[in-house]
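# Remarks on the overall topology
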Amino acid sequence: MNIISFFGLIHEIFKKGKPDINKIQDKGLLAVKIGQAFALRIDFLNPETTTELSKLYQDNQTLPSEELDILLKSYVQKDWYDHFASIEEEPMASASIGQVHRGELKDGTAVVVKVIKKNFTENFRRDANRVMDFFKVVTFFYPKLRRVANPVALIEMIREDTLSELNLDNEIKHQLELREIYQEYHTRLDLSDLDFPKIYPELSNEKVMVSEEIVGETVERLLEKESMDYKFLRRLFRLQGFFMFGIGRFHGDLHPGNLIVYNDKYYFVDCGALGSVSENLRVGLFNFMKHLSHNEFDQCAEALHQMSETQLSEEKFEKYRIKFNKLYENFPGKSVSEVSLTRQMMETIKLGVHHGMDFEKGIFPIIKSLMYLDGMVIRCNPDAIMMEDMRPDIPILEEWVNRKG
């Protein structure tokens, strides 16, 4: 994707009417990843656009089925096939970097085989570097953009996360890390809503991964069918909140397509990207959310200030505090469809930056995760007053935050 193609992508996303998903996919993997990122931007894109862009999480182009055997033969040894009774040629699902096929092991175990699509890594790295170089020039002449919207950080995050996903060894390693955190804490804290599919590392490598088949439905499909239960969705907030605020290591791409619901549990899949935040950011952002749930805006302003790597003078902080309260004066009692949490968070960060604050890069992945959750709530229960609904969960999350380690 060159710069002209990139501007064509931006036009496709921001034009009136629905974006053309096929045109976005034709521009390559980077375009798909950028489109997925904008599918979350319910803070400034209309619902029709974000709903259409959300299809990029599942409705990606697939390789012709006849190429599957050719791909596998280039990725695995001959004796790899000896472990399987069968592998279906037609993919059961396709994502932006790979596709998944049902299979059965010789012992009768139902599995899925994930295969990375061909020629993606180098093409993606080239496209991402080209777009990053362009934005580095733009932000050199307009440095404030780097601190507020930061397109360089966005493309860099997409590049790092996607390159990590393109190596399935990372997915195995990251799932193991999350599973080990789960094993360490599940006897002390209620993590019974969470599980992970079993992975077969002896049958996997950086291009192919074999894991057990989970026969449930993705949250994306449940939202599409309007059959996602809001109370059950709130349990996801506690789980992701545990990893984000309690541990500081979390699934970095927990969109609705990467969550499977089965037997009243959430299964985290596609763990190729992990988010990581510092102690200061982990605790500070939790305190911000805690005070926000009780409409304690002065304390929210102080929590955000504590997260800043640059501290304001008393005079500047007071000006910022007054404007912060002004920003949130209509927030209490409003549903997610009336006031988007995503919009509030982006405006909050922008306000802090305009008054001289500066935040570490780690804040973007955690805000991205909150944007995912916010988007799910809007689609599931647009009348929900989310921050008020979270109040009963705050003491549970606070215990996890304080008991880390």
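This section reports on the structure supplied with the text. (Residues numbered from 1 in each chain as written. Predicted model: local features only at pLDDT ≥ 70, side-chain atom pairs only at ≥ 80, totals over all residues. Heavy atoms only, no water.)

### Considering the overall build of the protein chain
Operational definition: Starting at the N terminus, helices and strands are each numbered in turn, a helix being any DSSP run of H or I of at least four residues and a strand any DSSP run of E of at least two. Exposure is judged per residue with a 1.4 Å probe applied to protein chains only, and the accessible area is read against the type maximum: over 50% gives exposed, under 20% gives buried, and values in between give partly exposed. Whether two residues touch is decided by their heavy atoms; if any such pair falls within 4.5 Å, the residues are in contact. Counting rule applied: Lys, Arg positive; Asp, Glu negative; His and chain ends not counted. A charge is said to be at NZ when it belongs to Lys, at CZ for Arg, at CG for Asp and at CD for Glu.
Within the protein chain, the secondary structure is distributed over 18 helices and eleven strands. Seen through its C-alpha atoms, the protein chain measures out along the principal axes to roughly 70 × 55 × 35 Å. Residues counted as buried form 55% of the 405 residues belonging to the protein chain. In the protein chain, 70% of the contacts between residues at least 6 apart in sequence involve partners at least 24 apart. Each charge class in the protein chain was averaged separately, 52 positive and 64 negative side chains, and the resulting centres sit 5 Å apart.

### Quick look at helix H1 (residues 3-14)
Heads up, the rule is: To estimate how far a helix should extend, the number of its residues minus one is multiplied by 1.5 Å. Think of it as the arc spanned by the lines of direction from the helix axis to the C-beta atoms.
End to end, H1 covers 17 Å across twelve residues, agreeing with the expected 16 Å (1.5 Å per residue, within 8%). Within H1 the residues assigned to the buried category are Ser5, Phe6, Leu9, Glu12 and Ile13. With its buried residues spanning 115° around the axis, H1 presents them on a single face. In H1, the exposed positions angled more than 90 degrees off the buried face are occupied by Ile4 and His11.

### Here we look at the side chain of Ser340
Just so we agree on the cut-off: Two N or O atoms count as a polar contact when they lie within 3.5 Å, although within protein this holds only if one can serve as hydrogen donor and the other as acceptor, and sequence-adjacent residues are included solely when both atoms are side-chain atoms.
Tracing the chain through its elements places Ser340 in the loop between helix H14 (314-327) and helix H15 (341-354). A polar contact is formed between the side chain of Ser340 and the side chain of Asp374, at a distance of 3.1 Å.

### Thoughts on the sheet that holds strand E7 (residues 217-218)
Here is the rule we go by: Whether two strands pair depends on DSSP finding at least two bridges between them. Note on geometry: axes are C-alpha line fits, over the in-contact stretch for helices, and angles between N-to-C directions span 0 to 180 degrees.
A sheet is described by the order of its strands in space; here four strands give the open sequence E5-E10-E9-E7, paired in mixed fashion. Strand pairing shows two members of the sheet lacking a second neighbour, strand E5 (194-195) and E7, which therefore form its edges. Judged from the two bridges that link them, E5 and strand E10 (residues 265-268) form a sheet pairing that is parallel. By the bridge assignment for E10, Leu194 is matched with Tyr266. Its contacts with the sheet place helix H11 (residues 230-247) against E5, strand E9 (259-262) and E10, and it is angled at close to 45° to E10.

### Looking at the packing of aromatic side chains
Where we set the bar: Pairing of aromatic rings covers Phe, Tyr and Trp, the last through its six-membered ring, and needs centres within 6.5 Å; plane angles under 30 degrees mean stacked, over 60 mean edge-to-face, and all others mean tilted.
Evaluated as defined, the whole model comprises 17 aromatic pairs. Taking 4.4 Å as the distance between ring centres and 40° as the angle between the ring planes, the aromatic pair formed by Trp80 and Phe84 counts as tilted. Take Trp80: its relative accessible area is 6%, and that puts it in the buried class. With relative accessibility at 6%, the residue Phe84 sits in the buried group. Summarising the aromatic geometry, the rings of Phe196 and Phe268 are spaced 6.0 Å apart at their centres and angled 85° between planes, so their arrangement reads as edge-to-face. Taken as a pair, Phe196 in the loop between E5 and strand E6 (208-212) and Phe268 in strand E10 lie far apart in primary sequence, 72 residues in all. A network of ring pairs unites the aromatic residues Phe288, Phe297, Phe317, Tyr320, Phe324, Tyr328 and Phe331 as a single cluster.

### Overview of unusual backbone geometry
Non-glycine residue Asp270 carries a positive phi angle of around 55°. Judged by its relative accessible area of 23%, Asp270 is partly exposed.

### Points about the pairing of strand E4 (residues 110-116)
In terms of burial, E4 is largely enclosed, as six of its seven residues are buried. Remark: four residues form the turn of the hairpin made by strand E3 (residues 98-105) and E4, two consecutive strands paired antiparallel; Gly108 in that turn has positive phi of roughly 95°. In this sheet, E6 lies alongside E4 in antiparallel orientation, the contact comprising five bridges. Across the sheet, residue Val111 finds its bridge partner in E6, namely Glu212.

### Focus on the nonpolar core
The cut-off we apply is this: We call a set of buried residues a nonpolar core when its members are Ala, Val, Leu, Ile, Met, Phe, Trp, Tyr or Cys and they connect through side-chain atoms within 4.5 Å of each other.
In terms of nonpolar packing, the biggest core is built from 78 residues, with Tyr266, Phe268 and Phe288 touching the most fellow members. No other element matches H11, which puts eleven residues into this core.

### Brief notes about the pattern of salt bridges
Basically, it comes down to this: By salt bridge we mean one thing: a side-chain nitrogen of Lys or Arg within 4 Å of a carboxyl oxygen of Asp or Glu.
Enumeration over the complete set of coordinates arrives at 24 salt bridges. Here Lys18 makes a salt bridge to Glu52, at a shortest N to O gap of 4.0 Å. Of the two residues, Lys18 sits in the loop between H1 and helix H2 (21-26) while Glu52 sits in helix H4 (residues 47-53), which places them 34 residues apart along the sequence. Its relative accessible area of 48% is what places Lys18 among the partly exposed residues. Put simply, Asp393 and Arg238 hold a salt bridge, and the shortest N to O gap is 3.3 Å.

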